Amino acid sequence: MNQKIIAIMPIKLQNERLPGKNTRLLGEKPLLQYELDNLKETGIPEQIYVFCSQEDIIPYLPKDILFAKRPEYLDLPSSNFTQIFEEFLPMHDADIYVYAHATAPFISVDTMTQCMKAVLSGEYDSAFCAVKIQDFLWQNGEPLNFDAENIPRSQDLAPIYRETSGVYVFTREVFKTYHRRIGKHPFIKTVTYKEAIDINNSEDFALAQALLHVDFME
């Protein structure tokens, strides 16, 4: 059975930590266009929407990217994923959703494709990107993931995964049941250092500029 899959990128034009970051030029194009272009290149979503309260965003959208208007209250600093998606869901029905962030410009076409295909297969109810950590971690002054009296090699530590903002893929049922974007059986796609970059402030943007033409191996 064919499953309808659509993508959403939530955008606000004014950000507290880095005003105007989503439309700021990174190299030769605005920040938001990187992930939108890669979503298009996968050829998987039937539609890709930018969910924004202001029509001023429309000139920045690549060809075939759709504009969906959202309430202005979602531009508040306190707004979160659940509030945003609860507004979007009744407007655009699908079996599977891709939730993308403009602030993660280096998420690759291959990573996006793997995440979408994992959920489309039915084996997983959701997918997200993460960095695999195999380091000696401490919490409240105590070892978190190792025995201090019998220290293993770092490569033998059980990996811990740090979620990144990249892309989230989830079924409609996951959100309706749990009101979140990660279900009970997620596919975890490990990503490179570059793919994990999430732009929140001027230092992050400078790092992205420096790494724009640098390739990282897995």
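Given the structure is predicted, the values throughout are model-derived calculations rather than measurements.

## Concerning unusual backbone geometry
Next, step 1: At Asp64, a residue that is not glycine, the phi angle is positive and equals roughly 75°.
Next, step 2: Looking at the element boundaries, Asp64 is found in the loop between β4 (47-52) and β5 (66-69).
Next, step 3: Positive phi, close to 55°, is recorded for Asn140, a residue that is not glycine.
Next, step 4: In this fold, Asn140 is placed in the loop between β8 (138-139) and β9 (142-143).

## Focus on the pairing of β4
Next, step 1: For β4, the buried fraction is high: 5 of the 6 residues fall into the buried class.
Next, step 2: Pairing between strand β1 (residues 5-10) and β4: 5 bridges, direction parallel. The residue of β4 that forms the bridge with Ile8 is Tyr49.
Next, step 3: Bridge count for β4 against β5 is 4 bridges, and the pairing is parallel. Bridged to Val50 within β5 is Phe67.

## Side note on helix α3 (residues 109-120)
Next, step 1: For α3, built from 12 residues, the straight-helix expectation of 16 Å at 1.5 Å per residue is met to within 8% by its first-to-last C-alpha distance of 16 Å.
Next, step 2: Buried residues of α3: Thr111, Met112, Thr113, Cys115, Met116, Ala118 and Val119, and no others.
Next, step 3: Buried-residue contacts for α3 involve β1, α1 (31-42), β6 (96-100), β7 (126-133), β10 (160-171) and β11 (186-190).
Next, step 4: Residue Gly122 follows α3 closely and has a positive phi angle near 90°.

## Topic: a nonpolar patch on the surface
Next, step 1: Residues Phe136, Trp138 and Ile151 make up a contiguous nonpolar surface patch of roughly 340 Å² in combined accessible area.
Next, step 2: Along the chain, Trp138 turns up in strand β8.
Next, step 3: For Trp138, a relative accessible area of 52% corresponds to the exposed category.

## Some remarks on the side chain of Ser126
Next, step 1: Checked against the element boundaries, Ser126 lands in strand β7.
Next, step 2: Separated by 2.9 Å, the side chains of Ser126 and Asp125 make a polar contact.
Next, step 3: A polar atom in the side chain of Ser126 sits 2.8 Å from the backbone nitrogen of Gly183.
Next, step 4: Apart from residues lying up to four places away in sequence, Ser126 is in contact with Val119, Val169, Phe170, Arg181, Ile182, Gly183, His185, Pro186 and Phe187.

Cut-offs applied
Residues numbered from 1 in each chain as written. Predicted model: local features only at pLDDT ≥ 70, side-chain atom pairs only at ≥ 80, totals over all residues. Heavy atoms only, no water. Helix = DSSP H or I, 4+ residues; strand = E, 2+ residues; numbered from the N terminus. Buried < 20%, exposed > 50% of the residue type's maximum accessible area, 1.4 Å probe, protein only. Pairing = 2+ DSSP bridges. Expected span 1.5 Å × (residues − 1). Contact = heavy atoms within 4.5 Å. Patch = residues over 30% accessible without salt bridge, like charges linked within 9 Å, V, L, I, M, F, W, Y side chains within 5 Å. Areas by Shrake-Rupley, 256 points an atom, 1.4 Å probe, with all protein chains shown as cover. Salt bridge = Lys/Arg side-chain N within 4 Å of Asp/Glu carboxyl O. Polar contact = N/O pair within 3.5 Å; in protein donor to acceptor, adjacent residues only side chain to side chain.

Geometric descriptors of this kind do not, in isolation, establish any biological role.
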